[in-house]
Structures are given as structure tokens and as C-alpha cells.
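So the chains spell out like this:
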Amino acid sequence: SSRTMSLLSQLEKINLGSVLGEADNARYVTSKILHLVQSQEKTRKEMTSKGSTGIEIILSTLEVKHFNLCGGGRRASVLVTKGGTQILLQLLLTASRDTPPNEELMVLLHTLLAKVGPKDKKIGMKARINGALNISLNLVKQNLQNHRLILPCLQVLRVYSTNSVNAVSLGKNGVVELLFKIIGPFSKKNTSLMKVALDTLAALLKSKTNARRAVDRGYVQVLLMIYVDWHRHDSRHRYMLIRKGVLQCIKSVTNIKLGRKAFIDANGMKILYNTSQECLAVRTLDPLVNTSSLIMRKCFPKNRLPLPTIKSAFHFQLPVIPASGPVAQLYNLPPDVDDVVDESDDNDDAETELEIETENDDDKDQQFKNDDIETDINKLKPRQELGRSIEDLKMYEQFFPELSENFQDCDLVSKEPKPFVPDANLSGPIVVPTAGEE
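Residues numbered from 1 in each chain as written. Predicted model: local features only at pLDDT ≥ 70, side-chain atom pairs only at ≥ 80, totals over all residues. Heavy atoms only, no water.

Looking at an unreviewed UniProt entry, the chain carries the name CBPC1 carboxypeptidase, with the source organism given as Indicator maculatus.

Here it is as C-alpha cells:
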């Protein structure tokens, strides 16, 4: 026990130091601690017991910038391959059982998970299986005013939300409503928290179930109001990423028909058009203009040609319009009616979507295999068919004797040329060319 405490004390001093060469000392000390933990049951219990700071010191070592163990992409990937994600999730699950949970430990764990998570493609599935999915969400619910704690928690939720099944599960537990308590009108305080919350919300709203939930609670109009407020107050364009984050949320929620209808009803077309016009003079705001254009094109009512209403600058008059029928009905529609019915997601159901997303998630975890792809090389070779039959082609045999003659009787082995023997059937003198004549 005294040996372990001495090593932990050394490791803590190394973490607080600033000497670049101490990385080797940290590796040596941690290897000794690992040996004691693996070989002694008493040491392992003391390290993980309540009130012990051993785990916090080790996690602090991982986070120290001098060693940069999780900062570099390659080193984070190595940590993932060694099972680091599973260990961190298990530590998170164990630490969450304390009442109240250790805040410093939770901050360290979530900070590391946020760095390692993007390098682990299966972190969402691992978190769901381990039961760690709602731990971060509950921490945010209970600590809305503690920005130091909820910032890394939101970063982890953003990583989890890239998994569609996790997004649906988190949405059912109220994460969408929770995030709208964090994002709000223009404020220079906690802009980093606002940015992370918007990125997390945009990822969650890609799920149709969460998008419907946002529409039902009137959040489309709230997003438009937030965007206008940031647009008006950000005169120096310092918070362009936050404004783009709001647009990404609107873009995600308008992927469903209800979202597009809510966007039109909230006068979103006019709002984005006017704000885009004001952004055209500043080249750095091109991402805002591009995203706004995509949203407007997606939500603009669709009409068939010809357009007999004032929606178009062009008028295509048919030469003959029957008194009745679909064309006459089209021309008799009032100007504000969309004549193309949007049935893109009428038949979607929340339960059906969850099943489909679960199947898609399982497919991603398995190796892709398509049974429709032909793998037989003989079948893939093109079959060459002659334009004429063999009998028809024999008439050309006299022009290409080399294709049908048998050359096996020819003397191809002898290097000496055969003497010239004139044919007895030839008539007339035989003229042999002299040297220099062709």
C-alpha cells in the first residue's frame, strides 16, 4: 500500500511539472503501478475504492498536455485498439454509482471520451451496451448551471448521437428539450458551450423521430428567432460558426415534410432570404449563404409546368385547354396552393424508423456483403458471337491460307536455307536477280 501511494505521489508531481523529459518517468511509474495492480488484489481494491484519488491521478496523466497521449490522431487510435474506450466507459459507469458523483473525475472521463470517441467507430454501440448512454445526459440535466461539467458531457453526447439508434434513444429521454434550454439568443458568455450544443442538436435532429418531436413543440420557429437574433447582433461576424450551427439544425429538421411545412408557416423563407442578402457582401459568410440556399431550395413549394400563377416570372399558355380534366383543375387552383403533393414521408412511423435504424446500425457493424454481385470470372467474360456462320466464312479461306495451313511439316529447326528447286511446271527462263537489284 505504501509503495502504491508513493508511486501515485510521484506521478502526481510529474503531472504538475513542466520538464519535457518527464514523459519517460511517467511511463516508468505507470508501468510499476500497473504491475502492482495486476499482481496484488489489495492494491487493486485500494485504487478503486471510494475516496481514493488513484484513478483521478492516472486520468490526469492521460490529459496532461506534455505527453499528448490523446491529442494526436495516431496516438488516440492506438489507445482505442488497446481497449481504452471500453476502460473509460467502465470507469464512467463505476464513478456514476457514487452519490454525488465526483465532479473532477467526471470532467476528466468525459474530456478523454470526447477526444478518443471520434477515433472509435463503435463507441456508440459500446456505450449503449455498457449502460453508459444516459450517464452523460443525466449529468447535464442535474448540472445545467455548471458549464465546466456539461461542456465535456455535451461533447460526448455529440459523439454518441452519430449513431442513429442512440439518437432515437436519447431523444425519447428528453435530450432535444434539454438542449433548447441551453441554446438561446445572442450572448457573449459561454459561446463554446453554445457551439457544442448546436452541433449536438443538429446531429440528433437527423433522426426523423427527433425532428418530429422538435416540430411538434414549435422549435422550428424558435430556431429561426435565435438565428435572426445572432444575425443582428454579430455585426463583426465573430460568431459565424454559431450562426452556421443554427442553420444546420434548421437544415436537419426540414428533412421531413412536417419540418418543411413548419418552416414555411414560420415565414422562414423570407427570413433566410433577407439575411442571406445582407451576407452577400462579406465573403467569409459564404457558408451561411450556401446553407440558407440549400434550405430554401428544399422547402420551396414545387409546381408543375406550365405555371399559370404568379409564383413564376414565366407564363406558359397552352394552345388548347379542355373544359374539364386535370389540366383545367390545375389552372383553376388559387395562387397559394401547391399543386405537387409532398408524400415523401407520409407513411413513416416512429417505431418502423427505429427498426430500420437498428438494422442499419447492425449492418454497419458487420462486414458489407452484396449477394447480387457476380464473382464468377467465366460468367463475367463477354461472349463473342460471330456475325456469320463458319460455313459462310470458308469462302475467304483462300485469301488467308496461313490461318488454315498445317505448318508442322515445315523444317523450322534447320538454320541452313533449303536450296532453290525450280518447279518443272514453270515455263520460260528463270531470271535470278544480281546483287544490287531488287
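Back to the text.
Draft legend 1. How the structure looks around the environment of I57. Within the element layout of this structure, I57 appears in helix α4 (residues 54-63). Between the alpha carbons of I57 and L108 there is a distance of 10.0 Å; along the sequence they are 51 residues apart. (Helix = DSSP H or I, 4+ residues; strand = E, 2+ residues; numbered from the N terminus.)

Draft legend 2. Spotlight on unusual backbone geometry. Going from T99 to P100, the amide bond is cis rather than trans, its omega being -10°. Mapping P100 onto the fold places it in the loop between α6 (84-95) and α7 (103-116). Backbone geometry places H237, a non-glycine residue, at a positive phi of 60°. Residue placement: H237 occurs in the loop between α15 (219-233) and α16 (240-253). Unlike most non-glycine residues, N267 shows phi in positive territory, near 65°.

Draft legend 3. Spotlight on the environment of T254. Summarising the element assignment, T254 is placed in the loop between α16 and α17 (257-265). Note on T254: relative accessible area 0%, which makes it buried. T254 sits 43 residues away from A211 along the chain, and the two C-alpha atoms are 8.0 Å apart. The residues touching T254, leaving out its near neighbours within four places in the chain, are G259, R260, F263, I295, K298 and C299. Within the structure, the side chain of T254 is placed 3.2 Å from the side chain of K298, a separation counted as a polar contact. (Buried < 20%, exposed > 50% of the residue type's maximum accessible area, 1.4 Å probe, protein only. Contact = heavy atoms within 4.5 Å. Polar contact = N/O pair within 3.5 Å; in protein donor to acceptor, adjacent residues only side chain to side chain.)

Draft legend 4. Representation of α6 in the model. Counted at 1.5 Å a residue, the expected span for α6 with its twelve residues is 16 Å, and the 16 Å between its end C-alpha atoms agrees. Those residues of α6 that fall on the buried side of the exposure criterion are G84, T85, L88, L89, L92, L93 and A95. (Expected span 1.5 Å × (residues − 1).)

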